[in-house]
Amino acid sequence: METRRHIFLTGSTGLIGRYLLRDFLIQGHRVTTLVRPHEQESSRERVEKALSFARLPREITENVRVLQGQLPDFQPDAIDRRLIKECDLVVHSAASLRFDKDSNGEPFRTNVEGTRNLVELVQRLGIRRWIQVSTAYVCGDTQKTVSEDHASLSNPRNSYEKSKRIAEELVRKQPRLDWTIVRPGIVVGDSRTGYTSTYQGMYRCLKSVALLVKRLKKNLAGTRQLPLRFHLSGNELTNLVPVDWVAEAISRIALLASSQGKHFHLTPRNPISAKALVAAVQEFFAISGIEFVGSEKTELENRNAFERIFDRETSLLGPYFNDDPQFDRIHLDEFLPKLREADVNSALIQRLMKFGESDGWGIRRGHRHIQPNGFDCAGFFESYFPEAARRSELVRMRDLNARIGFEVRGQRGGFWLCQLVAGDVVSVEPTSCIPNSVDFHYRTNCATLEEITSGRMTTREAFFEKRIEIVGNIERALLLALLFEDLLREYPYRPGVKKVASTEKACA
Amino acid sequence: MLETVSKTQENVNIPGPKGTLEGILTYSENSTLKQTILIVGPHPLLGGDFNNNVVRELSQQLVRSDTLTLRFNFRGVGCSEGTPIVSTDNIAKFWARSEIDDEAALQDDVEACARWLRSLVGKVDVVIGYSFGAWLASRWAADQKDVNAMILFAPTIAQHDYSHLKRVTKRKLILASHDDFAVPLSQLKQQFSQWAEPKELHVEEMDNHFFRGCERQISNCVRTFLGDAA
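This one's a predicted model, so the numbers in the text were calculated from it and none came from an experiment. (Residues numbered from 1 in each chain as written. Chains lettered and ligands numbered in written order. Predicted model: local features only at pLDDT ≥ 70, side-chain atom pairs only at ≥ 80, totals over all residues.)

Chemist: Go over the packing of helix α9 (residues 274-285) of chain A against helix α13 (residues 346-358) of chain A with me, naming the residues and quoting the values.
Modeler: Any two packed helices are characterised by the angle at which their axes cross and by the distance between the axes. Residues and elements named next belong to chain A. Relative orientation of the contacting elements α9 and α13 amounts to 50°, with a least axis distance of 9 Å. Between α9 and α13, the crossing angle belongs to the class labelled oblique. Two packed elements cross with a definite hand, and for α9 against α13 that hand is right-handed. Residue-level inspection shows A276, L277, A279, A280, V281, E283 and F284 of α9 in contact with α13, the latter providing S346, I349, Q350 and M353. Considered class by class, the residues forming the contact of α9 with α13 number eight nonpolar, two polar and one charged. (Axes fitted to C-alpha atoms, helices over the stretch in contact; angles between N-to-C directions. Helix = DSSP H or I, 4+ residues; strand = E, 2+ residues; numbered from the N terminus. Parallel < 35°, antiparallel > 145°, perpendicular 65-115°, else oblique. Left-handed = near helix turned anticlockwise from the far one by under 90°. Contact = placed C-beta atoms within 7 Å. Nonpolar A, V, L, I, M, F, W, Y, C, P; charged D, E, K, R; others polar.)

And the structure:
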């Protein structure tokens, strides 16, 4: 192995960051990382969770030290400073991914002020080597070939691009920093597993299609049509790159002293076209109907319900649908000539879709709804559930006739009876006990129900952890639980909000 | 920081008939490999993936017996390629008739995993199947020369045909809970009596069809059986 380094890493719970953390640890380096705590989780717990995808043995993960704090406000105490001072390399991958500026000043607050404060801190502590994780899109709105050392830049298309460009300039101006700037393209999930921890950026398109597909019915030929028109020719190229490849490149560039003062585009050699992307998505869902109607700048009138939902969900991504620039990779090819290629192709797109589907597109990783007097089971069963069920996939279950009981123990718990006829919830009523005449009944407690409805646990996980018991027809109860899970994913339960949260109903 | 493990778990991609299947190999690097075991999980609509409590526990506990195990996700499950099995259409079908279209074809996934395992270590010694997986595993293993034993958890005798076991003379261990909704005990005993020797039937209270909380108990039972076989 190369010399063991001690790396100070930011952003280690982000998508790229967790892969960098994994790769540095596997290479045998020590890592100190700065992580902000959440209400429910300490910084260390967040790192453990972020790293869990890698299934690393303990002897490797013991080489991580976690500092608690958040950029740009991080105020290290004496111990923090001593730990950072032991590091000989900073990899700054923490970033806000907001495209539009919010009332807290993001993304500038994290991306610019955070970088500024950290640069000042590490220089005070005598660290010179700095790797800045930026984006290829600091180039702005251009369709020319972009050089890694580009001198002239076009207008940034959003606050995110602008903030990353300012951060780069700030780093380049530091005379006492030996900097390297790496610029990934549009980062997507793992090339081998499809894993991702976030569904921003291009994932908003994939996720929107996935949600719309659920509303489609099969036509007489047994296929499904998703009538979406794109204002593109289909030949537009998109610079998607898998996260594991990006992290591999960064972790290797970071350790090359000769990469100092250089910029690296981490972009694909062969970008995927819009046509290939859409073909992969259509194949995955076994649908047709998505069309490219040309790139003329005329307004498409009479947008249908599907298109309106898609447009709304992806409105901030508009500029990225147009032809991406070509990014040169001269430095990348020179410094890492043996780096594997990881072009995003049809198979990988389908792998990403597959993972997204199995992960519920991140919707189920919600936060706990804390209700001061305990979970409002009556509100859930009597208000939210019937309405959400009628708008969900349940209505497609024409053979679904059942009488179901829910028994929830704990404060604000109780008994409810639900009657389903041809997939329709015809009634949900409180009762004093569960009668023997039900087809099956679920028995659980308020805490478990709260965890399930907030998306922090699936019904299946709850069942296998014995936090749900089933009385009656177990097989059917397990099947229905899968549909309940879909329902919660598509229409997240928001306690205190009377209307079911959902996207617009697209098909009548 | 994370669980201490002496075992190695390796994510693997296996070429399957409908695309790549994801699997997990579990083994100990510090021991002499005695046996290779393929584990086939239950129906995907009823908790069948490679993280199922029984599948995962067996995989992890059997490492102590100097064993290499492969567990996998069927096509369309988890990150395995293929049309997703857990879909509203399939749930509706399963609701109506307790099966989905062409589910017997999932045996091809078992075959693909076995082929891959053989290319890696040269043989498959034992196959373990759970529930629907017991049906697939036993049908597949019946004519495999290298497989010397099959272990079947909660075999779905009320739903599927296990008559092939009448002629299979490989060692067999059958485990079931006496209150299993999918494995009527009297029917199991009746069928078991017709299956070829050598065979063992282990029935006790083990949480219906799911073995929740009994995972260690069943893995000990399997290890004892395999110890005999080794």
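Alright, that's what it looks like, and here's the rest.
Chemist: Kindly report on the sheet that holds strand β16 (residues 402-409) of chain A, identifying the contributing residues and their values.
Modeler: Picture the strands of a sheet paired through backbone hydrogen bonds; they go either parallel or antiparallel. All names here are of chain A. Sheet architecture is open: five strands sit in the order β18-β17-β16-β19-β20, paired in mixed fashion. Where the open sheet ends on each side, the last strands, each with one partner, are β18 (424-431) and β20 (469-472). Recorded for the sheet is a direction-independent mean angle of 20° between the axes of neighbouring strands. Pairing of strand β19 (residues 440-445) with β20, which is carried by four bridges, proceeds in the antiparallel orientation. Across the sheet, F440 pairs through a bridge with G472, a residue of β20. Against the sheet, helix α15 (residues 446-453) engages β16 and β19, with an angle of about 100° to β19. (Pairing = 2+ DSSP bridges.)

Chemist: Which residues make up the environment of E113 of chain A, and what are the values?
Modeler: Residue and element names in this part refer to chain A. By the secondary structure assignment, E113 is in helix α5 (residues 108-124). On the basis of neighbour counts, which here come to 18 C-beta atoms within 10 Å, the residue E113 falls in the partly exposed class. For E113 and D73, which are 40 residues apart along the polypeptide, the C-alpha to C-alpha distance reads 8.9 Å. Aside from chain neighbours lying at most four places away, what touches E113 is P72 and F108. (Buried ≥ 20, exposed ≤ 12 C-beta atoms within 10 Å, placed from the backbone.)

Chemist: Report on the interface of chain B and chain A, specifying residues and quantitative values.
Modeler: Across the boundary between the two partners, chain B contributes 29 residues, which contact 33 residues of chain A. Of all the elements in the fold, those that place two or more residues in the side of chain B that touches chain A are β1 (8-16) and α2 (88-97) of chain B. Broken down by element, the residue count for the side of chain B that touches chain A peaks at six residues, all from α2 of chain B. Taken together, the residues of the side of chain B that touches chain A sort by class into 14 nonpolar, 12 polar and three charged.

Chemist: Tell me about the confidence of the model for chain A, and name the residues and values.
Modeler: Of all residues in chain A, 90% attain a pLDDT of 70 or more, and the chain-wide mean is 85. In the predicted structure, residues 498-508 of chain A sits below a pLDDT of 50 and forms 25 contacts with residues beyond four places in sequence or in another chain. (pLDDT = per-residue confidence, 0-100.)

Chemist: Tell me what's going on with unusual backbone geometry, and back it up with residues and numbers.
Modeler: Cis geometry marks the peptide bond from E106 of chain A to P107 of chain A; its omega dihedral reads 10°. A cis geometry characterises the amide bond from E197 of chain B onward to P198 of chain B, with omega recorded as -5°. Although it is not a glycine, D102 of chain B adopts a positive phi angle of roughly 60°. With respect to the secondary-structure elements, D102 of chain B resides in the loop between α2 and α3 (107-121). C-beta crowding within 10 Å serves as the criterion here: with 7 such atoms nearby, D102 of chain B is assigned to the exposed category. Here D207 of chain B, not a glycine, exhibits a phi torsion of approximately 60°, which is positive.

Chemist: Summarise the confidence of the model for chain B; cite the residues concerned and give the values.
Modeler: All names here are of chain B. The pLDDT averaged across chain B works out to 90; a share of 96% of its residues lies at or above 70. Contacts for the low-pLDDT stretch residues 1-5, under 50 throughout, to residues beyond four places or in other chains number 12 contacts. Our summary of model confidence lists the complex with pTM equal to 0.57 and ipTM equal to 0.89.

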